[in-house]
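Here is what each chain is made of, one letter per residue.
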Amino acid sequence: DAGVIQSPRHEVTEMGQEVTLRCKPISGHDYLFWYRQTMMRGLELLIYFNNNVPIDDSGMPEDRFSAKMPNASFSTLKIQPSEPRDSAVYFCASSLWTGLFGEQFFGPGTRLTVL
Amino acid sequence: GIQVEQSPPDLILQEGANSTLRCNFSDSVNNLQWFHQNPWGQLINLFYIPSGTKQNGRLSATTVATERYSLLYISSSQTTDSGVYFCAVEKEANSKLTFGKGITLSVRP
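Per chain, residues are indexed from 1 in the order of the written sequence. Chains and ligands are labelled by the order in which they are written, letters from A for the one and numbers from 1 for the other. Local features in this predicted model are restricted to residues of pLDDT 70 or higher, and side-chain atom pairs are both shown and tallied only at a pLDDT of 80 or more, whereas totals for entire chains, interfaces and linings draw on every residue. Each side-chain value is worked out from all heavy atoms of the structure, with water and hydrogens disregarded.

Moving on, we come to the pattern of salt bridges. Residues and elements named next belong to chain A. Just to be clear on terms, a salt bridge is a Lys or Arg side-chain nitrogen sitting within 4 Å of an Asp or Glu carboxyl oxygen. Taken as a whole and judged by the stated rule, the model has 10 salt bridges over all chains. Residue E62 is joined to R85 by a salt bridge in which the shortest nitrogen-to-oxygen separation is 3.3 Å. Linking E62 in the loop between β6 (53-56) and β7 (65-71) with R85 in the loop between β8 (74-79) and β9 (88-95), this pair joins segments that are 23 residues apart in sequence. Think of it in three bands: residues with accessible area under 20% of the maximum for their type are buried, residues over 50% are exposed, and the middle band is partly exposed, with areas taken using a 1.4 Å probe on protein chains only. Residue classification places R85 among the exposed residues on the basis of a relative accessible area of 54%. In this structure, E83 engages R85 in a salt bridge whose closest nitrogen and oxygen atoms are separated by 2.6 Å. When salt bridges that share partners are traced, they join E62, R64, E83, R85 and D86 into one network. We count a stretch as a helix when DSSP gives it H or I for four or more residues in a row; a strand needs E for two or more, and each element gets its number in order from the N terminus.

Let us look at the environment of C92 of chain A. All names here are of chain A. Tracing the sequence through the fold places C92 in strand β9. Overall, the relative accessible area of 0% leaves C92 in the buried class. Measuring from C-alpha to C-alpha, the distance between C92 and L77 comes to 9.5 Å, with 15 residues separating the pair along the chain. Any two residues having at least one pair of non-hydrogen atoms within 4.5 Å are treated as being in contact. Excluding anything up to four places from it in sequence, C92 contacts V4, Q6, C23, L32, F33, W34, F105, F106 and G107.

Our next topic: the pairing of strand β7 (residues 59-64) of chain B. All names here are of chain B. Among the six residues that make up β7, five are buried, leaving the element largely enclosed by the rest of the structure. The sheet contact formed by strand β6 (residues 52-56) and β7 spans five bridges and is antiparallel. What sits directly across from G52, in β7, is T63. One ladder, built from six bridges, connects β7 with strand β8 (residues 69-74); its direction is antiparallel. Bridged to V64 within β8 is Y69. Two strands are said to pair when DSSP picks up at least two bridges between them.

Below you can see the structure in the form of structure tokens.
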């Protein structure tokens, strides 16, 4: 398997623009997670899905952020409008719950810079 | 929420040395993972270890769940071991991982 795939790997945009980050989880995994990494706050969970349904979005910073998972192989994280403080690395991760454990595997991340 | 503390925050080693990285957590957990974030930013799974001991080459990890800590051992360190080591815990089955702040390891040739 190719692992978790994210695109784009780098995104530079101007304040006020819409940004869409994409993720393809590992085939067969039933959980998908979006994390954000910044120097100030470290790695923090934004939202996660189980079988394409959002389970916990309490980490989403504000209404400017939204996430969808239209099918088992694709998810998007959208920021509209973007602000400079949104600059961070955004990671997508997926896992398979076997009833015993659910090890999470991370994608390479998208480095977002908002000017 | 659950607290995760890692120590030491920074570590400098000479190539070939051994080291122990520690992770303490404030509550019982269902899952604990160790990751290595390499200089390119990729998060690489090292161990899934909610309890017990595992070994993978020069690395090994031990989690004592009843005492709420985990240790990552690196033996015969190499320059490629440099990076940030994260401990992450999950309190409930397949929910969010809470990450520690990481341990920055520099291995010098």
